[in-house]
Amino acid sequence: MKQPAIACAPRPAGVLAVLAAGVACAPAAAFEMTVFDAPGTPRIAVELTPAPRSGAVSSEERAPVVAVPAQAPAAVQPAAPVGAASRIDADFLRPGAARAVVEAGAGGSHRFAAELRRDDLRWSITPRSGAPSPVSELHWEDIGSAGLSWQGSWPLAARWRLEGEAVFAGRLSGSVRDSDYDESDRQAEFSRSVSSTEGSSLGALLAGLGWLATGDGRGATLHLGGGLVLHRQVLKIGRAEQQVSTSSTQFPELEMPPVGTSFDANSNYRLEWAGPYLGLALRWPLAGGVVLGARYRFERLRLKGEGEWSLREDLAQPVSFTQRARGRVHAAELNLAWPLSARSSIDIGVRHVDGRSNGGDHDMRWADDGGVGLGTTMQLDGLRWRSTAVQLGYRLDF
């Protein structure tokens, strides 16, 4: 019958001495001992049946077994000579191996990634009268961009950690369509132009706290977290071509350029999503040292948009309209990491973001009223943002 396990919390330099002393004074029955690196975090566990106090050691006798709570399997040590204290191989205590037995998630990390992404953003507006619905719509389609991202965490007290993230990407391709309608359900389109999006940029910042909810001692961890997040999109409207141009029954005063006309729109739209988030992060070890990582965030945000429409002389400059709304964002990531060393790994992953508004206001600002937008508020409909990125990353643990 096994005796109760002995637990202690030695300093790192005293691990070998404590193990040797525990083995030397082991009773004749089976014996277990666990050394903790921090409260609740096992570092090395020893289970042994000692050699007899006299007589030859039988090949059937079981030698001490050292269980290391990490990816590496436990090592079996040879039985000690008769009358001598059992010995733990010092390889388990060399600096690299000592770090390997610390449960994943107890320390901090930095992850740097290069990414290719594709974004899609659209919104429409409707007069307060309700018709036509919508009266105008903008759609930034297939905005291809390349960028860099960083994710970091720093350990705090006990199970807590500080989390941060930054993303920036610049546009490589894509276009924006600007359509206006005389009738609801996108009927009787009287104007449509398609423009380039050269010079657009996309970014995000995140800061929060994470809490280690669980860890199985083999590297699998689940963190829960929350904090603040900011998404920012600066979308350009550059060289444009008029594709549809007819007289409007709703706005007869508007003059549309002829079909086929090319012009420099020289306009832009800036959108910020800001507010709190809740999330979780999972790391799960697989065979061969590969680690599966997954992250999810739910964000409840306030939206603020501003447009500079330099083509229309009747609109105020530089702010031609403003938008206010509340929205929600779902963000998910998945990656597979392969170890390069005890502290570093390389990974490939994918990230998807889906955001939308819950209604909102679109306030036009006219040049002749000083840009204050009196009496021209419309309803903001259907603002929707989707983004997908493929990443190649490098992670460094400390």
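Anyway, here's the lowdown on the structure attached to this text. (Residues numbered from 1 in each chain as written. Predicted model: local features only at pLDDT ≥ 70, side-chain atom pairs only at ≥ 80, totals over all residues. Heavy atoms only, no water.)

### A closer look at the nonpolar core
Counting 34 residues, the largest nonpolar core has Leu121, Trp123, Trp140, Tyr269, Trp273 and Leu383 as its most contacted members. Among the elements of the structure, strand E6 (109-126), strand E7 (136-155), strand E10 (201-215), strand E11 (221-245), strand E12 (262-285), strand E13 (291-308), strand E14 (321-339) and strand E17 (377-397) are those that each provide at least two residues to this core. Ranked by the residues each element gives to this core, the list is headed by E12, at six residues. (Core = buried A, V, L, I, M, F, W, Y, C linked by side-chain atoms within 4.5 Å. Buried < 20%, exposed > 50% of the residue type's maximum accessible area, 1.4 Å probe, protein only. Helix = DSSP H or I, 4+ residues; strand = E, 2+ residues; numbered from the N terminus.)

### Considering the pattern of salt bridges
For the structure shown, the criterion picks out 18 salt bridges. Notably, a salt bridge pairs Arg161 with Glu163, separated by 3.0 Å at the nearest N-O pair. Residue Arg161 is classed as buried on the basis of its relative accessible area, which comes to 11%. On the basis of relative accessible area, Glu163 is assigned to the buried category, the value being 14%. Among the salt bridges present, the one from Arg295 reaches Glu333, with a minimum N-O distance of 3.8 Å. Taken as a pair, Arg295 in strand E13 and Glu333 in strand E14 lie far apart in primary sequence, 38 residues in all. (Salt bridge = Lys/Arg side-chain N within 4 Å of Asp/Glu carboxyl O.)

### Some thoughts on the environment of Ser129
Summarising the element assignment, Ser129 is placed in the loop between E6 and E7. With relative accessibility at 64%, the residue Ser129 sits in the exposed group. Residues Ser129 and Met378, spaced 249 residues apart in sequence, show a C-alpha to C-alpha distance of 9.0 Å. In this structure the side chain of Ser129 is engaged in a polar contact, spanning 3.3 Å, whose partner is the backbone oxygen of Ala131. (Polar contact = N/O pair within 3.5 Å; in protein donor to acceptor, adjacent residues only side chain to side chain.)

### Describing a nonpolar patch on the surface
A cluster of nonpolar side chains, contributed by Phe112, Leu282, Trp284, Leu286, Leu336, Trp338, Leu340, Ile346, Ile348, Leu392, Tyr394 and Leu396, occupies part of the molecular surface with about 1,100 Å² of accessible area. Where the nonpolar patch is concerned, the elements lending two or more residues are E12, E14, strand E15 (344-357) and E17. Counting through the fold element by element, Ile348 comes out in strand E15. (Patch = residues over 30% accessible without salt bridge, like charges linked within 9 Å, V, L, I, M, F, W, Y side chains within 5 Å. Areas by Shrake-Rupley, 256 points an atom, 1.4 Å probe, with all protein chains shown as cover.)

### Re unusual backbone geometry
Residues Ser133 and Pro134 are joined by a peptide bond in cis, for which omega reads -5°. Looking at the element boundaries, Pro134 is found in the loop between E6 and E7. Positive phi, normally seen in glycine, also occurs at Ala158, with a value near 50°. Position of Ala158 among the secondary structure elements: in the loop between E7 and strand E8 (160-183).

### Regarding the packing of aromatic side chains
Tallied over the full model, the rule gives nine aromatic pairs. Between Trp140 and Tyr269, the aromatic rings sit 5.4 Å apart at their centres with planes inclined by 20°, giving stacked as the arrangement. Within this pair, whereas Trp140 is found in strand E7, its partner Tyr269 is found in strand E12, the two being separated by 129 residues in sequence. Per residue, the accessibility class of Trp140 equals that of Tyr269, and both read buried. Between Trp309 and Phe321, the aromatic rings sit 5.1 Å apart at their centres with planes inclined by 65°, giving edge-to-face as the arrangement. In this pair, Trp309 is assigned in the loop between E13 and E14 and Phe321 in strand E14, connecting sequence segments 12 residues apart. Accessibility expressed as a relative area gives 12% for Trp309, which makes it buried. (Phe/Tyr/Trp six-rings, centres within 6.5 Å; stacked < 30°, edge-to-face > 60°.)

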